[in-house]
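# Observations on the model geometry
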Amino acid sequence: MLKKMMALSGSLLLTVGLLSGCGSSGGTDASKESAGGKEDLKTITINMFTASPEYTDAFNAYIEEYKKVKPNVKINLEIMQADYNTILKSKIASGSTPDVFQTTAGGDIDTYADYSADLTNEPLAAAMTDAVRANMSSSDGKVLGLPVKGNLFTLIYNKDLLTKAGVTSPPKTIAEMQDAVTKLEAKGITPFANAYKEWWVWKHIFQHYVDAAAQDAGVEPKQLVSDFIAGKAKIKDYPVLYNNFFSFIDLTVKHGTDKPLERDSNAEVSDFASGKAAFMTGKGAWDEEAIKKINPDLKIGIMGYPVSDKADQSVIITGADQALRINKDSEVSKETIEFFNWLYTSEYGKNWFSQVAKVIPPIKDAPLPDLEMPKEMESILKTSKSGDLSVNYSLDTFHQKFGELMQAYISGNMNKDQAVAEIEKAWVQLGSAQ
């Protein structure tokens, strides 16, 4: 249940894009010529509020295309660059919930359940892949979200640099990674590019270790995370978390680019794309176009994190971590659902994901984008299973605190046991909406 939220000043709002007209939800009468004379056609306005500025052009493209299908439907697109969650909560608290808004998937599906239309029986839900549909579903099995995209979480590497160092295949175990680091540095190559200034990159790394810890314990990752949120589990009881995760972070800091706490996402992409490092941590498929803009000839490889000495635990992770929600109390909820049914089931929509947005489609029977990482993902998944998108089982309130604690750890302001104690406390206090 979403907790009560206080409204904030409207001056916080930064609108990146406002498309296709303006006005509140609902509509006015427009006229259309027909064989029988003039037919009144109601002008419908749908207000979308999202947190994905990187897809502004792609969103604009499907808005323009939909005008050809429903000329009377106008879609206002409002995109935040910062403070999105704060502004969203302010809008909801003040009774001005957008017709469409964006949240993370997983735990936040339940957080915003009271504001979300039930899409379970809609064609768009049937179009989703099984993994994505699970990411969009509430604890009682209702589909309450729409995937912004499918996603891929992986350790990314420069194929040429590994070949130059004599690393013949991507390392799958801790020992193999240590050997690769030694060989890279012998050739004067920095092993790791990091973006440890960002809080969110930490969760993308950590989830690989959570999956392995759950496997070792013989439970599902969702159950393990639930145990941490309930205060029943301790990190020290899971060597993959207490030893291997922290050792890997230490390795990336010691053998990584300088000043890791000053390197943000863009800096990491630049470091990797310009050949300054062999591996890029905490990232995924969304970075490929940015990498290729800097270095079109770079040969990109993807791999699971070497989380243990079990090679089969080194797996990539796929799924959907971002969701659009349709306001169930919107005056235009019916028309909004109709719009997304079109996007997720039409031929245009199937191609929009890969050809316009250039993302991994979250729906069945859609082509992959012409990019290296999705193609490698497809090849890997023919013989290997994807890991569980376990970041979805905790709220981003926890993940942000987790990132801040890990930043304190690598800065030397907190030792490992102090960080572990604070992480466990944060999981209980911030991990779920309950």
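Residues numbered from 1 in each chain as written. Predicted model: local features only at pLDDT ≥ 70, side-chain atom pairs only at ≥ 80, totals over all residues. Heavy atoms only, no water.

## A look at the overall build of the chain
Operational definition: Working definition: helices are DSSP H or I runs of at least four residues, strands are E runs of at least two. Numbering for both runs from the N terminus. Three exposure classes are used, based on accessible area relative to the maximum for each residue type with a 1.4 Å probe and protein chains only: buried under 20%, partly exposed in between, and exposed over 50%. The contact definition used throughout considers only heavy atoms, calling two residues in contact when any of these lie within 4.5 Å. Under this rule, positive means Lys or Arg and negative means Asp or Glu; His and the chain ends count for nothing. Lys charges are placed at NZ, Arg charges at CZ, Asp charges at CG and Glu charges at CD.
Across its full length, the chain holds 17 helices and 12 strands. Across its three principal axes, the chain shows a C-alpha extent of roughly 80 × 45 × 40 Å. A burial count over the chain gives 54% of its 434 residues as buried. Sequence separation of 24 or more characterises 75% of the internal contacts of the chain that already satisfy a separation of 6 or more. Both charge centroids of the chain, one from 46 positive and one from 57 negative side chains, sit 1 Å from each other.

## Things to note about the sheet that holds strand 5 (residues 100–104)
Put simply, the test is: Between any two strands, at least two bridges found by DSSP are needed for them to pair. Fitted lines through C-alpha atoms give the axes, limited to the stretch in contact for helices. The angle between two N-to-C directions lies from 0 to 180 degrees.
Across the sheet, 5 strands lie side by side as 4-3-5-12-6; this open sheet has mixed pairing. Lying at the two open borders of the sheet, with one neighbouring strand each, are strand 4 (73–79) and strand 6 (146–147). In this sheet, strand 5 lies alongside strand 3 (residues 44–50) in parallel orientation, the contact comprising 2 bridges. Along strand 5, the bridge assignment pairs M48 with V100. Seen against the sheet, helix 1 (residues 56–69) touches strand 3 and strand 4 and runs at an angle of roughly 170 degrees to strand 4.

## Quick look at the environment of D309
In this fold, D309 is placed in the loop between strand 10 (300–303) and strand 11 (317–319). For D309, a relative accessible area of 59% corresponds to the exposed category. Residues D309 and E176 lie 133 residues apart in sequence; the distance between their C-alpha atoms is 8.7 Å. Excluding anything up to four places from it in sequence, D309 contacts T173, I174 and A175.

## Some points on helix 10 (residues 239–254)
To keep it simple, the criterion reads: Expected helix span is given by 1.5 Å per residue-to-residue step, counting one fewer step than there are residues.
Under the 1.5 Å per step criterion, the end-to-end length of helix 10 is 21 Å for 16 residues, consistent within 8% with the ideal 22 Å. Turning to helix 10, its buried residues are V240, L241, Y242, N244, F245, F246, F248, I249, L251 and T252.

## As for the domain arrangement of the chain
Buried accessible area, meaning the area lost when the parts come together, often serves as the stated size of an interface. Put simply, the rule reads: Where each domain starts and ends comes from a domain assignment, either automatic or drawn from a database. Each reported salt bridge corresponds to a side-chain nitrogen of Lys or Arg within 4 Å of a carboxyl oxygen of Asp or Glu. N or O atoms within 3.5 Å of each other form a polar contact, as long as, within protein, one can give a hydrogen and the other can take it, and as long as residues adjacent in sequence are counted only when both atoms are side-chain atoms. Three categories are distinguished: nonpolar for Ala, Val, Leu, Ile, Met, Phe, Trp, Tyr, Cys and Pro, charged for Asp, Glu, Lys and Arg, and polar for the others, with Gly belonging to the last.
We note that the domain assignment places domain 1 (44–150 + 321–363) and domain 2 (153–319 + 386–431) within the chain. For domain 1 and domain 2, the distance between their C-alpha centres works out to 29 Å. Contacts between the two partners involve 12 residues from domain 1, matched on the other side by 8 residues from domain 2. Counting across the domain 1 and domain 2 interface gives 1 salt bridge. Residue E289 pairs with K358 through a salt bridge whose shortest N-O separation is 3.6 Å. If you look at where domain 1 meets domain 2, you find 1 residue pair in polar contact (both at pLDDT 80 or more). It is helix 3 (residues 107–111) that provides the largest number of residues to the side of domain 1 that touches domain 2, a total of 3 residues. Its residues assigned to classes, the side of domain 1 that touches domain 2 comprises 2 nonpolar, 6 polar and 4 charged.

## Some remarks on the nonpolar core
Looking at soluble globular proteins, one finds that nonpolar side chains tend to be buried together. Heads up, the condition is: Joining through side-chain atoms within 4.5 Å is the link that ties buried Ala, Val, Leu, Ile, Met, Phe, Trp, Tyr and Cys residues into a set, and such a set is a nonpolar core.
Counting residues in hydrophobic clusters, the biggest one holds 57 residues, and the most contacted among them are L241, F245, I249, F279, M406 and I423. In terms of residue count, the dominant contributor to this core is helix 8 (residues 200–217) (10 residues). If near-sequence neighbours (up to four positions away) are discounted, L241 is found in contact with F206, Y209, V210, A213, F228, I235 and F246. Ranked by size, the runner-up nonpolar core spans 44 residues in total, among them Y66, I75, F339 and W342.

## Let's talk about the pattern of salt bridges
Tallied over the entire structure, the rule returns 19 salt bridges. For K203, the salt bridge identified is with D396, shortest N-O distance 2.8 Å. Of the two residues, K203 sits in helix 8 while D396 sits in helix 16 (residues 396–411), which places them 193 residues apart along the sequence. Judged by its relative accessible area of 8%, K203 is buried. Ionic pairing is found between D287 and K283, a salt bridge with its closest N-O pair at 2.9 Å. Side by side, D287 and K283 carry an identical accessibility label, which is buried.

## Some points on the packing of aromatic side chains
Definition in use: Centres within 6.5 Å make a pair out of two Phe, Tyr or Trp rings, where for Trp the six-membered ring is used; the pair is then stacked when the planes are under 30 degrees apart, edge-to-face when over 60, and tilted otherwise.
Counting across every chain of the model gives 32 aromatic pairs. Ring geometry for W342 versus Y348: centroids 5.4 Å apart, planes at 10 degrees, classification stacked. With relative accessibility at 13%, the residue W342 sits in the buried group. Classification of Y348 by relative accessible area gives partly exposed; the value is 22%.

## Looking at the pairing of strand 10
Judged by which residues are buried, strand 10 turns out to be covered on both faces: I300 and I302 on one side and G301 and M303 on the other are all buried. The pairing of strand 7 (residues 151–158) with strand 10 spans 4 bridges and is antiparallel. Directly across from I156, in strand 10, lies its bridge partner I302.

## Considering unusual backbone geometry
Located in the positive-phi region is K259, a residue other than glycine, with phi close to 50 degrees. When you line up the elements, K259 lands in the loop between helix 10 and helix 11 (265–273). On the accessibility criterion, K259 (58% relative accessible area) is exposed. For D365, which is not glycine, the phi dihedral falls at a positive 60 degrees. Mapped onto the elements, D365 comes out in the loop between helix 14 (347–356) and helix 15 (372–380).

## Side note on the confidence of the model for the chain
Do not read the predicted coordinates in detail wherever pLDDT is low. Put simply, the rule reads: pLDDT expresses how confident the predictor is about each individual residue, on a scale running from 0 to 100.
Mean pLDDT over the chain works out to 90, with 90% of the residues at or above the 70 mark. Note that pLDDT drops below 50 for residues 1–39; the model gives that stretch 85 contacts with residues more than four away or on any other chain.

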